[in-house]
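Chains, contacts and geometry: an overview
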Amino acid sequence: AQTVTQSQPEMSVQEAETVTLSCTYDTSESDYYLFWYKQPPSRQMILVIRQEAYKQQNATENRFSVNFQKAAKSFSLKISDSQLGDAAMYFCAYRSGSGGTSYGKLTFGQGTILTVHP
Amino acid sequence: ETGVTQTPRHLVMGMTNKKSLKCEQHLGHNAMYWYKQSAKKPLELMFVYNFKEQTENNSVPSRFSPECPNSSHLFLHLHTLQPEDSALYLCASSPGQGTQPQHFGDGTRLSIL
């Protein structure tokens, strides 16, 4: 079974600074997808960024980028120019790309609470 | 407007009550999901429905009973719950079971007395 681990229960950053959230995962599969979701106090889970395992290039979405290290099974999220609205719980998630019983199933990490200081 | 609407937003019930959580999506998606989010634990997938058919039951106790009358609506019927069932219950949908991204609702905060 796949597992996702976020080793940082809480992180903080100053507004306009850069912060990196860590995520590691364990899988024996070669075809999979990785995601970062954001959950603000409003509770809605919002997709921040996604990475296909077969792509070597790191995904970027505006101020959000990932450092995908497939061999190390590491998938960190970097937030540049942090804003107050970035304050939220961030979840790393894994999804199998192959068929079978795991198809479509998201496995989440424990989450990291990000605080942004003005 | 999130596209996925959950009601009620909060629910307090006793262990002997029967209640239902409702999820509705207006995105034309065919797959819908129930997740449980407990404090200090990862989100746990409970059920998956694809084209109204249940395709996954993640060893959920029978006191949770899902219902998917059509691709736009998903219910979670609750009866004789336990205090450890208190959690945030999130609904999500996606175009198909194997497609992303999953769009989430705001959740129902459930408290069992």
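Everything discussed here concerns the structure shown above.
Here is what the cut-offs are and how they apply
Residue numbers here run from 1 along each chain, matching the order of that chain's written sequence. Lettering for chains starts from A, numbering for ligands starts from 1, and both go in the order in which the items are written. Selection of residues for local features in this predicted model requires a pLDDT of at least 70, selection of side-chain atom pairs for listing and counting requires 80 or more, and totals for whole chains, interfaces and linings are taken over all residues. Side-chain numbers here rest on the full set of heavy atoms in the structure, without hydrogens or water. Here a strand is any run of E in DSSP of at least two residues, a helix any run of H or I of at least four, and the numbering for each starts at the N terminus. Note on terminology: a nonpolar core comprises buried Ala, Val, Leu, Ile, Met, Phe, Trp, Tyr and Cys residues joined through side-chain atoms within 4.5 Å. Throughout this description, buried means an accessible area under 20% of the type-specific maximum (1.4 Å probe, protein chains only), exposed means over 50%, and partly exposed covers the range between. What makes two residues a contact is simply this: any of their non-hydrogen atoms within 4.5 Å. Note on definitions: salt bridges are taken to be side-chain nitrogens of Lys or Arg within 4 Å of carboxyl oxygens of Asp or Glu. Two parts placed together each lose some accessible area under a 1.4 Å probe, and adding up what both lose gives the buried area. Note on definitions: the grid is 1 Å and covers protein atoms alone; a cavity is a set of points where a 1.4 Å probe fits but cannot get out; a pocket is an open set with protein on both sides within 12 Å along at least five of seven lines; lining residues have an atom within 4 Å of a point. Grid points are joined across faces, edges and corners, and a volume is the space filled by probe spheres set on the points. For this classification, the nonpolar set comprises Ala, Val, Leu, Ile, Met, Phe, Trp, Tyr, Cys and Pro, the charged set comprises Asp, Glu, Lys and Arg, and every other residue, Gly included, is treated as polar. When DSSP finds at least two bridges between two strands, those strands are taken to pair. Axis angles are defined between N-to-C directions and span 0 to 180 degrees, where every axis is a line fitted to C-alpha atoms and, for a helix, only to the segment in contact.

Attention now moves to unusual backbone geometry. For the bond running from T7 of chain B to P8 of chain B, omega is -10°, close enough to zero to count as cis. With respect to the helices, strands and loops of the structure, P8 of chain B is situated in the loop between β1 (4-7) and β2 (10-13). Its identity as a non-glycine residue notwithstanding, D81 of chain A has a phi of 50°, on the positive side. Mapping D81 of chain A onto the fold places it in the loop between β9 (74-79) and β10 (88-96). Although it is not a glycine, F51 of chain B adopts a positive phi angle of roughly 50°.

Attention now moves to the nonpolar core. All names here are of chain A. Formed by 25 residues in total, the largest nonpolar core has its most connected members in Y25, W36, F75, L77 and Y90. Where this core is concerned, the elements lending two or more residues are β3 (19-21), β5 (32-39), β6 (46-52), β8 (64-69), β9, β10 and β12 (112-117). In terms of residues, this core owes the most to one element, β10, which gives 4 residues. With residues near it in sequence (within four places) discarded, L77 still touches V19, T20, L21, W36, I49, F64, S65, V66 and Y90.

Bringing the pattern of salt bridges into the picture now. Residue and element names in this part refer to chain A. Enumeration over the complete set of coordinates arrives at 7 salt bridges over all chains. In this structure, the salt-bridge partner of R63 is D86, at a minimum N-O distance of 2.8 Å. A residue pair is termed long-range when its members are at least 10 positions apart, and R63 in the loop between β7 (60-61) and β8 and D86 in the loop between β9 and β10 qualify at 23 residues. Here R63 matches D86 in class, with each residue buried. One connected set of salt bridges, linked through shared partners, spans R50, E52 and K55.

Turning our attention to the interface of chain B and chain A. Taken together, the 25 residues of chain B in the interface contact 19 residues of chain A. Buried surface at the junction of chain B and chain A, summed over both partners, amounts to about 1800 Å²; 51% is from carbon and sulfur atoms. Of all residues in chain B, L43, Q100 and F104 of chain B give up the largest surface area on contact with chain A, accounting jointly for 28% of the area buried on that side. Where chain B meets chain A, there are 0 salt bridges. Counting only elements with at least two residues in the side of chain B that touches chain A, the list comes to β4 (31-37), β9 (87-94) and β11 (108-112) of chain B. Per element, the largest residue contribution to the side of chain B that touches chain A is 3 residues, and it comes from β4 of chain B.

All right, on to the layout of surface pockets then. Here the largest pocket defines a volume of roughly 360 Å³. Grouping the amino acids of the lining of the largest pocket by side-chain chemistry returns 8 nonpolar, 6 polar and 4 charged. Considered as a void within the structure, the second largest pocket measures approximately 300 Å³ in volume. Going through the elements one at a time, β11 (106-108) of chain A together with β5 (44-50) of chain B are the ones with two or more residues in the lining of the second largest pocket.

What follows is about the sheet that holds strand β3 (residues 18-25) of chain B. Residue and element names in this part refer to chain B. Read across the open sheet, the 4 strands follow the order β1-β3-β8-β7; overall the sheet is antiparallel. Whereas interior strands pair on both sides, the edge strands pair on one side only; in this sheet they are β1 and β7 (64-70). Neighbour-to-neighbour, the strand axes of this sheet turn through a mean angle of 20°, independent of strand direction. For β1 and β3, the ladder comprises 4 bridges, and the chain directions are antiparallel. For T5, the partnering residue across the bridge sits in β3 and is E24.

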